[in-house]
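What follows is the residue order along each chain.
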Amino acid sequence: MKILHITHKTNTQLVSDCYAGDGYVKRNHGSLPDIDSDFSAVRRDEVKEYLERRYNKDGLQRVFSAGTFTTEKIKSVIKDVARTHKISQATTNYLTAILDDKMTWTDLMKMASTDKRMRDFIQKYPDVFEEILPIMGQARSAGIHASALIITPEYVKGERVECFDLLPIRKMGNLLVSEISGNDIDAIGILKNDVLGIKELTRLSDTLNLVESEYGIKYNILEIASKYLNDEKVFKIIRDGNTQGVFQMGGEGITKFIKRLAPDNINDLIASVALFRPGPLDSGAADNYVRAKRGEYEPTYLWGTYEILKDTFAQMVYQEQISRVAQKVGGLSLGDGVNLVKALSKKKLEQVRKFHDKFFAGAKHNGCPKEAADQIWSNVEDAAKYSFNASHATAYGLTAYVGAWLKTYYPTAFYTVVLRDQDEDKMAVLMNEIKTVGGTELEKPNINISGENFTADFKNNKIYWSLSRIKQLGPKAVKYIVQERNLYGEFYNLEDFIKRIFKSKFKSFEDEGTAEVRERCPVTARSVRNLIFAGAFDQIENVGSVLERYGLLESAASLLGFKLSEKDIPEEMRDKHYWWSRQQIAVSGHGTIDYKRIYDNLEKPKSVSVHKYIEFSELNNIFYEVRKGVICAAICSVTDRSYKDRRTGETKHFGKIELQQNTETNTLTIWDDWDIWKKELRKAEGRMIVAVVNIKWSDYDEKNTLQIGKSSFLKLI
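Residues numbered from 1 in each chain as written. Predicted model: local features only at pLDDT ≥ 70, side-chain atom pairs only at ≥ 80, totals over all residues. Heavy atoms only, no water.

Novice: Honestly, unusual backbone geometry in this entry has me stumped. Any pointers?
Specialist: Only a minority of non-glycine residues have a phi that is not negative, and only a minority of peptide bonds are not trans. Of note, Gln472 is a non-glycine position whose phi angle comes to about 70°, a positive value. Mapped onto the elements, Gln472 comes out in the loop between β13 (462–464) and α24 (475–488). (Helix = DSSP H or I, 4+ residues; strand = E, 2+ residues; numbered from the N terminus.)

Novice: In this structure, what is going on with empty space enclosed by the protein? I would like to understand it.
Specialist: Over the atoms a probe the size of a water molecule is rolled, and this reveals where empty space is left. Applying the stated criterion across every chain, the model contains two cavities of 30 Å³ or more. Size it by volume and the largest cavity reaches roughly 70 Å³. Looking at the largest cavity, the residues that line it are Glu200, Arg203, Leu204, Thr207, Gly245, Phe247, Thr399, Gly403, Phe414 and Val418. Going through the elements one at a time, α9 (199–215), α21 (390–409) and α22 (411–421) are the ones with two or more residues in the lining of the largest cavity. Of all the elements, α9 adds the most residues to the lining of the largest cavity, at four residues. Classifying every residue of the lining of the largest cavity by side-chain character gives four nonpolar, four polar and two charged. (1 Å grid on protein atoms, 1.4 Å probe; cavity = no way out; pocket = protein on both sides within 12 Å on 5 of 7 lines; lining within 4 Å. Points joined across faces, edges and corners; volume = space filled by probe spheres on them. Nonpolar A, V, L, I, M, F, W, Y, C, P; charged D, E, K, R; others polar.)

Novice: Teacher, can you tell me more about the nonpolar core here?
Specialist: Among soluble globular proteins, nonpolar side chains are generally buried collectively. Residues Met249, Tyr318, Trp405, Leu406 and Leu419 are the most contacted members of the largest nonpolar core, which totals 56 residues. A total of nine residues in this core trace back to one element, the largest contributor, which is α21. Beyond its immediate stretch of four places on either side in the chain, Leu406 contacts Leu204, Thr207, Leu208, Val211, Ile224, Pro411 and Phe414. Of all hydrophobic cores here, the second largest spans 42 residues; its members include Val478, Leu494, Cys521 and Leu531. (Core = buried A, V, L, I, M, F, W, Y, C linked by side-chain atoms within 4.5 Å. Buried < 20%, exposed > 50% of the residue type's maximum accessible area, 1.4 Å probe, protein only. Contact = heavy atoms within 4.5 Å.)

Novice: What should I look at first to understand the side chain of Asp268 in this one?
Specialist: One can find Asp268 in helix α13 (residues 266–275). In this structure Asp268 comes out as buried when scored by relative accessible area, which is 3%. The residues contacting Asp268, other than those within four sequence positions of it, are Leu261, Pro263, Tyr289 and Lys293.

Novice: Where do I start with the packing of aromatic side chains in this structure?
Specialist: Given two aromatic rings, their pairing is described by the distance between the two centres and the angle made by the two planes. This structure, assessed with the given rule, holds 32 aromatic pairs. Aromatic pair Phe257 and Phe276: ring centres 5.7 Å apart, planes at 40°, arrangement tilted. Here the residue Phe257 occupies a position in helix α12 (residues 252–261), and Phe276 occupies one in the loop between α13 and α14 (278–283), the gap between them amounting to 19 residues. Judged by its relative accessible area of 4%, Phe257 falls in the buried class. Residue Phe276 is classed as partly exposed on the basis of its relative accessible area, which comes to 29%. Relative to Trp377, the ring of Phe359 lies with its centre 5.2 Å away and its plane at 45°, an arrangement referred to as tilted. Within this pair, whereas Phe359 is found in helix α19 (residues 349–366), its partner Trp377 is found in helix α20 (residues 370–384), the two being separated by 18 residues in sequence. Pair check on accessibility: Phe359 and Trp377 agree, each one buried. Ring pairing ties together the aromatic residues Tyr215, Tyr219, Tyr228, Trp405, Tyr409, Tyr410 and Phe458, which thus form one cluster. (Phe/Tyr/Trp six-rings, centres within 6.5 Å; stacked < 30°, edge-to-face > 60°.)

Novice: Looking at this structure, I do not really get the environment of Leu547. What am I missing?
Specialist: With respect to the element layout, Leu547 can be found in the loop between α27 (525–534) and α28 (549–560). Leu547 sits in the partly exposed class, given a relative accessible area of 25%. Considering only alpha carbons, one finds Leu547 and Asp575, 28 residues apart in sequence, at a separation of 6.3 Å. Those residues in contact with Leu547 that lie beyond four places of it in its chain are Arg574, Asp575, Lys576, His577 and Trp580.

Novice: Help me understand the sheet that holds strand β10 (residues 192–198) in this model?
Specialist: Backbone-to-backbone hydrogen bonds pair the strands of a sheet. The strands run either parallel or antiparallel. Read across the sheet, six strands follow the order β3-β10-β5-β4-β9-β8 without closing on themselves; strand pairing throughout is mixed. One side of each edge strand has no neighbouring strand; the edge strands of this open sheet are β3 (35–40) and β8 (169–172). Adjacent strand axes in the sheet meet at a mean angle of 45°, parallel and antiparallel pairs treated alike. Here strand β4 (residues 63–71) pairs with strand β9 (residues 175–181) via two bridges, running parallel. Paired with Ser65 across the two strands is Val177, which belongs to β9. Docked against the sheet, α9 engages β3 and β10, running at close to 55° with respect to β10. (Pairing = 2+ DSSP bridges. Axes fitted to C-alpha atoms, helices over the stretch in contact; angles between N-to-C directions.)

Novice: Any chance you could explain the side chain of Ser76 here in plain terms?
Specialist: Among the secondary structure elements, Ser76 is positioned in helix α2 (residues 74–84). Looking at Ser76, its side chain comes within polar contact range of the side chain of Glu72, at 2.9 Å. (Polar contact = N/O pair within 3.5 Å; in protein donor to acceptor, adjacent residues only side chain to side chain.)

Novice: In this structure, what is going on with the environment of Lys358? I would like to understand it.
Specialist: Examined against the element boundaries, Lys358 turns out to sit in helix α19. With relative accessibility at 42%, the residue Lys358 sits in the partly exposed group. Taking C-alpha positions, Lys358 is 31 Å from Thr394, a pair spaced 36 residues apart along the chain. Those residues in contact with Lys358 that sit more than four places away from it in its chain are Gly330, Leu332 and Asp336.

Novice: Teacher, can you tell me more about the pattern of salt bridges here?
Specialist: Where side chains of opposite charge bring their charged atoms close, a pairing between them can arise. With the rule as written, the count across this model stands at 42 salt bridges. The residue Arg239 makes a salt bridge to Glu232 at a minimum N-O spacing of 2.4 Å. Connected through shared salt-bridge partners, Glu200, Arg203, Asp206, Arg420 and Asp421 make up one network. (Salt bridge = Lys/Arg side-chain N within 4 Å of Asp/Glu carboxyl O.)

Novice: Please clarify how the pairing of β8 should be interpreted in this entry.
Specialist: Residues in a regular strand project their side chains so that they alternate between the two faces of the sheet. Bridge count between β8 and β9: four bridges; the pairing is antiparallel. Note on β9: the bridge partner recorded for Ile169 is Ser178. Counting the residues that bridge the hairpin from β8 to β9 gives two residues, and of these Gly173 lies at a positive phi of roughly 65°.

Novice: What am I meant to see in the confidence of the model for the protein chain here?
Specialist: Detailed reading of predicted coordinates is not advised where the pLDDT is low. In the predicted model, the protein chain carries a mean pLDDT of 86, and the fraction of residues at 70 or more is 95%. The spread of mean pLDDT over the elements of the protein chain runs between strand β1 (residues 3–9), the lowest at 29, and β13, the highest at 97. This stretch, residues 1–29, has a pLDDT under 50; its non-local contacts, to residues over four places away or in other chains, come to 78 contacts. (pLDDT = per-residue confidence, 0-100.)

Novice: Help me out: how do you make sense of the sheet that holds strand β11 (residues 441–443) in this one?
Specialist: Taken in spatial order, the three strands line up as β11-β13-β12 in an open sheet, and their pairing is mixed. Every interior strand has two partners, whereas the edge strands, β11 and β12 (455–457), have only one. With direction set aside, neighbouring strand axes in the sheet form an average angle of 25°. Alignment of β12 against β13, held across three bridges, turns out to be antiparallel. Each bridged residue has a counterpart across the sheet, and for Thr455 the counterpart in β13 is Tyr464. Here α22 sits on the sheet in contact with β11, β12 and β13, set at roughly 20° to β13.

Okay, structure coming up:
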């Protein structure tokens, strides 16, 4: 039997397929494996082309896409059938609003016995419900699987075949698509390949390319994941929660989980991928792992499970562990173990019962006490519902480690790429991490350096803010500015910029010019105003203070053909540092405000001045001793919340205020005085607040949070 092993390597992943001359190689693994291969998003089409080129040879069509089907569920069935009976949409929407799509026909009838609306509807439209039953579960519409590609074997039982010989195929546009779903393809013994394009892998590839071009060192993922695997500096960055831009680790929830877990080896990082999912979190498996890792909990190993579960502190984290436990304790084959996991996870009760009897018979034969066998089977049933594939978790964990390693040793390259794709609402968190991790500085935009993306100065380890992140500078305007700079050299000053960019005059900063002018030059007067606010001309104009930007605005207005008005810059704000810093942040997202300076210059009662001024950066320390202080911060959002008083049963309201001091954020809760302040605070988003607050540690937020009690000082600016 001849076996061909085909390997295709990209910058980010390895994919392999095995075939035999008379079909797929049969091994005692229970069923064919799923092959999930993740690639750089920009190279997925190359992979697909490779597979087609490799296997669609000698005139045979063997590569095609998996089909998908949506089925008729209870809500859609009722709506579809009711429409044919000309029942109004409002009536059916009123009824289906109380239904859950997971409901069966039996559930529906049970509801009818207790719910008057359902009972009345059935009695009024009995024909509708007679027609519903045979339609439920039928295919509703067909589509194409987002990632699954199918490759059929070249030979079956000694004869050459192509896809049309093995299963029904349809054509959708230019694609060949199976007439049966991916799961059914697996059931009939044909291998399914999930070829996924992952943006995070594109970012890793781009970072590695930057490291090679700027530092002259060529790395690849495999090399980093093998030669530099257990680096304490890397794990410290991960343990500290500096996980922004790290594959699968950048979300707020998993960052908190990782800080609790405090991984110090690759096995912990791999386990975190499998554990931070709804099943392990809800079952307590994730918490047990963390507590055992921290020495707060002594794991209990049941009969015969120690060698299998010792690396996961007695928790069944991976599917492979369940299969091995079923083999070791219950005498099942590994193939039966795989099928047991599938049967349990898909709730195929008949198959589960078959394995149940086989497991207990094997456990008895192996000498496992009945009590222990009962507990092990119970654990297997629970774990199978949420367990994760170990090889999948390993691939994700190693990829995450590689990202963290690049962040540790090449932060300028790493953050240059991550900043490019960061969502605006998460930018403050990333900026704060850049400052915390160190190794690179994030600079305001510079008209002679910044471009469409964030631009790195690798010699000085600085990253310049992107022009595309400045409001009123669309892609065309940015491209126009960069093209002018590349063709004719750097801009000498603001006047040189305006004279080279514009050939017409404007009436104000709001004047966008005629359509003809905009077509010729997409940069507008407002673009110039926002570039000045953002600090893009500070270096070439030798601006030493943000207040000097007023003079630049006056010069720009004059050069553009008009005079600066009171509406453009309110007179009372011209000498306020914080006002200019706020404009910079508002138009670009980059900038800092000296909140302490604002607080010091504020008129306030002496009773407020006795309190310590609080910097948000100090509140991450669980041992922070100050219990009452005063804060000055910007208001990001205001939310009205409610709760039911346990003693009186009364519904009470309180306010949650999200605050920000530059890149640091915190939450302020207002309890007793919320009714007094809520009307004014609901309109206060974007303004600044000064308040005397109580400081209390929050286990959920993992930092000290802020609260306002009764009759505390609070002032809006």
